[in-house]
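Read off the chains here:
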Amino acid sequence: MPGKGRRDALSDRVRRMLVSSLYAQPSSLAIGAINGLVSSSIAAYASGSKLLYVISLVIGVVAIVRVIAAVALNANRDNTSTRKLELVYEIGAFSYASLLGMFAALTMVLQTGTGVQVLMLANAIGYGIGICARNAGRPMIAMGQLTLSTVPIVFGALYVGDVTFVAMAATLFLLLPAMGTIVNNLFKVLRDSIASAETSSKLAERMKVLAETDVVTGLANRAGLNNALVEQLMALPAERSLALFWLDLDRFKEVNDLLGHPVGDRVLGEVAERLCNIAPEGSTIARFGGDEFILVCPVDNRKRCEQLSADVLAEIQRPMRIDGELLNVPTSMGVAILPEDAHDADSLMQAADLALYQAKVGGRNQVRFYDTSMSRDLMRRREIEAELRAAIQRDELSIYFQPIVDLQSGRIRTFEALVRWFHPEKGELRPDEFIPVAEETGVIVTLGNWITRQAAIAAASWPEDVTIAVNLSPLQIRAPGAALGIQSALREAGLDPHRLELEVTESLFLDDNESTAAFIEELSAMGVRFALDDFGTGYSSLGYINKFPFSKIKVDRSFVSGPNVGKKSDAIIRAVAEMGNRLGMDIVAEGLETREQVHTVADAGCTLGQGYYFSRAVPDYIAATLLAQERSEGETRARANGR
């Protein structure tokens, strides 16, 4: 029975601790030995009895042997059995107690002097009572020592027959059951306390294990990883390196959203099992959180680390079948090596994290090893973040406007608002330098609202048939109160919501959620228009167009002026334009740079065009001038036609 086995194991551990208590503080045995030897020697000398001299000598020998045995037998060593420890102690204890009791009894029988009798009786009786407290952990030994040290005195007192000695014999006889009760109570308290401590220790150990274990995969969690990583660093031989592989399952959220969290948990479990199967002996594997895993193991050299990273990535990417679904789990991985890339656990994890970031930025589903340039990039991003926050406060940013032109009439229908940053010391910073940093750090929410507000203020002064287009980051849309930020910008600028177009990319819908749909529905109800930007470059899906109220599709510039422009790209543009025309949507061709490109996209069915052929992005006052010139030329033509 498992329960009985656990109780027996606990009883054995308690008994071991109680027996070990007999050997605690061997100095007390030495003091007792010296006291017994000195007292018996004085008593023998004072009485002049040869018998007492002999017994005193034997007491000394036994006392010395007991002290030596207590020191030699280490109760904390597992290779010394509990029974052996107990037996050795019993032999010595019982021998010493019986000799001391016999010596005290002989002082009465031999009618030595009163002083000698008092000295030895006090020693024997005091020893027996005192030993009961010291050895209460083993009641049989304690009571055996008390009995052997006092019973000879009882018989000796009865033999003498004096009334006072008989009374003493009766007192000692009654002492035995009284001390037995006390010893038994002490034993129970000791036993229960030790058992309780053992149980608490096991529970604490179990709680520690649970606190350091991930419940989904059974791997170590963050706390467990931290502890294991420190232990591995301490045990790492000087000639070996320690590699840390940081894995991130790409697009894992889609598994949870499409197939449910139970399937997602099984995917995580399968990944954990595969990591355990392929990891070298002595590795630490942890689920760091969400869909991230960390593998830490000693390696001989960088070449071995590179081979292991390739093997791990290949193993994780193998298709897995769960509930009939064949799933592929693309994975990004960052790798760092100690001591090449770091000098402690924290810097090792930071280096691997930076490598993982570069793997994801570089296109995902790949391995990147840390190099020092990544730290420089991190410092650069942090510097840009701090300066960007300050730039927003100091109005160092500007909004430029690029016209979107009607390909039939040539008139400006819309301006796209584009942010520009003219740094007072570093000059102009490109948007692709600071926009990704703004998205990573959350500054994009503040920046996006500022861009929308400034663009709306500029558009409010334009003719009412000209609209303003603003790009929105997915992070800005998912931020709490995103729709309120747009509404506030319109209200402050006094701009009609129908004149605002919000451009979103397909990446917004990869992590489709209720907040995105609510954002679009709320603003669409006000009259705000939406355009699907960079169509054809991401995970293009007609489902987005069918589900959301887009009024405009922007065909990516790669189909217009990219290196792969040709018959296929022309056919794609025509197909998109035909779809847009049937759905009543405008189709914008981006990246137009030549007259030939303009004619090509117009013939393909695009209704609007944008690019350097028409104009670069310009400040608000030039945008206003372009509109004024266009209106003036239009009025001049109208008057001429009127004549």
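Residues numbered from 1 in each chain as written. Predicted model: local features only at pLDDT ≥ 70, side-chain atom pairs only at ≥ 80, totals over all residues. Heavy atoms only, no water.

J.: What is the right way to read the overall build of the protein chain from this model?
T.: Of the regular secondary structure elements, the protein chain holds 22 helices and 16 strands. Classification of the 643 residues of the protein chain by burial places 46% in the buried group. Taking as baseline every contact in the protein chain between residues at least 6 positions apart, the subset at least 24 positions apart corresponds to 69%. Surface exposure of the protein chain reaches about 32,100 Å², of which carbon and sulfur atoms provide 56%. (Helix = DSSP H or I, 4+ residues; strand = E, 2+ residues; numbered from the N terminus. Buried < 20%, exposed > 50% of the residue type's maximum accessible area, 1.4 Å probe, protein only. Contact = heavy atoms within 4.5 Å. Areas by Shrake-Rupley, 256 points an atom, 1.4 Å probe, with all protein chains shown as cover.)

J.: Please clarify how the environment of Ser-39 should be interpreted in this entry.
T.: Within the secondary structure, Ser-39 is located in helix H2 (residues 26-47). For Ser-39 and Ser-56, which are 17 residues apart along the polypeptide, the C-alpha to C-alpha distance reads 8.7 Å. A polar contact is formed between the side chain of Ser-39 and the side chain of Asn-123, at a distance of 3.2 Å. (Polar contact = N/O pair within 3.5 Å; in protein donor to acceptor, adjacent residues only side chain to side chain.)

J.: Is there a simple way to explain the packing of helix H5 (residues 114-134) against helix H6 (residues 139-160) in this structure?
T.: A packed helix pair is summarised by two numbers, namely the angle formed by the two axes and the spacing between the axes. Relative orientation of the contacting elements H5 and H6 amounts to 160°, with a least axis distance of 8 Å. The orientation of H5 relative to H6 falls into the category roughly antiparallel. Between H5 and H6 lies a crossing whose hand is left-handed. For the pair H5 and H6, contact is made by Leu-121, Ala-124, Ile-125, Tyr-127, Gly-128, Ile-129, Ile-131 and Cys-132 and by Ala-142, Met-143, Gln-145, Leu-146, Ser-149 and Ile-153, respectively. (Axes fitted to C-alpha atoms, helices over the stretch in contact; angles between N-to-C directions. Parallel < 35°, antiparallel > 145°, perpendicular 65-115°, else oblique. Left-handed = near helix turned anticlockwise from the far one by under 90°.)

J.: How should I be thinking about the sheet that holds strand E2 (residues 284-289) in this particular structure?
T.: Strands belonging to one sheet form pairs held by backbone hydrogen bonds; the direction of such a pair is parallel or antiparallel. Read across the sheet, 5 strands follow the order E2-E3-E1-E6-E7 without closing on themselves; strand pairing throughout is mixed. Looking along the sheet, the strands with just one partner apiece sit at the ends: E2 and strand E7 (367-369). The sheet shows a mean angle of 20° between the axes of neighbouring strands, direction not considered. Pairing of E2 with strand E3 (residues 292-299), which is carried by 5 bridges, proceeds in the antiparallel orientation. In the strand pairing of E3, Ala-286 is matched with Ile-294. Running over the sheet, helix H11 (residues 302-317) touches strand E1 (241-249), E3, strand E6 (331-338) and E7 and is turned about 160° from E6. (Pairing = 2+ DSSP bridges.)

J.: How should unusual backbone geometry be read in this particular structure?
T.: Both trends apply: most residues other than glycine have a negative phi, and most peptide bonds are in trans. Omega for the peptide link from Leu-338 to Pro-339 comes to 15°, which places this bond in the cis form. By the secondary structure assignment, Pro-339 is in the loop between E6 and helix H12 (345-361). Even without glycine at this site, Gln-111 takes up a positive phi of about 55°. Mapped onto the fold, Gln-111 is located in the loop between helix H4 (82-109) and H5. Located in the positive-phi region is Asp-395, a residue other than glycine, with phi close to 60°. With respect to the element layout, Asp-395 can be found in the loop between helix H13 (372-394) and strand E8 (397-406).

J.: I keep staring at the pairing of E3 and nothing clicks. Help me out?
T.: On a regular strand, one side chain projects to one face of the sheet and the next to the other, so that they alternate. Of all 8 residues in E3, 7 are buried; the element is thus mostly enclosed. Relative to E3, E1 runs antiparallel, the two sharing 8 bridges. By the bridge assignment for E3, Leu-242 is matched with Pro-298.

J.: Which parts of the structure should I look at to understand the pattern of salt bridges?
T.: Taken as a whole and assessed by the stated rule, the structure comprises 25 salt bridges. Put simply, Glu-385 and Arg-389 hold a salt bridge, and the shortest N to O gap is 3.2 Å. With Glu-385 and Arg-389 both in helix H13, this residue pair falls 4 residues apart, about one helical turn. Judged by relative accessible area, Glu-385 falls into the partly exposed class, the value being 21%. The exposure class of Arg-389 is partly exposed, given its relative accessible area of 41%. (Salt bridge = Lys/Arg side-chain N within 4 Å of Asp/Glu carboxyl O.)

J.: Explanation requested: a nonpolar patch on the surface in the structure shown.
T.: On the surface, a nonpolar cluster with roughly 440 Å² of combined accessible area is contributed by Leu-51, Val-109, Leu-110, Tyr-159 and Val-160. Considering the arrangement of structural elements, one finds Leu-51 in helix H3 (residues 50-72). For Leu-51, a relative accessible area of 43% corresponds to the partly exposed category. (Patch = residues over 30% accessible without salt bridge, like charges linked within 9 Å, V, L, I, M, F, W, Y side chains within 5 Å.)

J.: What exactly am I supposed to notice about the packing of aromatic side chains here?
T.: The description of an aromatic ring pair rests on the distance of the ring centres and on the angle between the ring planes. One pass over the full model with this rule turns up 9 aromatic pairs. Here the aromatic rings of Phe-401 and Trp-462 are separated by 5.3 Å at their centres, their planes lie at 85°, and the arrangement is edge-to-face. On the criterion of sequence distance, the pair formed by Phe-401 in strand E8 and Trp-462 in the loop between helix H15 (443-459) and strand E11 (467-471) is long-range, its members being 61 residues apart. For the pair Phe-401 and Trp-462, one class covers both residues: buried. Centroid distance Phe-415 to Trp-462: 4.9 Å. Interplanar angle 50°. Geometry classified as tilted. With a gap of 47 residues between them, Phe-415 in strand E9 (residues 412-423) and Trp-462 in the loop between H15 and E11 connect regions that are remote in the sequence. Note on accessibility: Phe-415 and Trp-462 belong to one class, buried. An aromatic cluster of three or more residues is present, and its members are Phe-401, Phe-415 and Trp-462. Above the ring of Phe-288, the side-chain terminus of Arg-222 is found at 4.0 Å from the ring centroid. Taking the ring centre of Tyr-612 as reference, the NZ or CZ of Arg-616 above it sits at 4.0 Å. (Phe/Tyr/Trp six-rings, centres within 6.5 Å; stacked < 30°, edge-to-face > 60°. Lys NZ or Arg CZ within 6 Å of the ring centre and 35° of its normal.)

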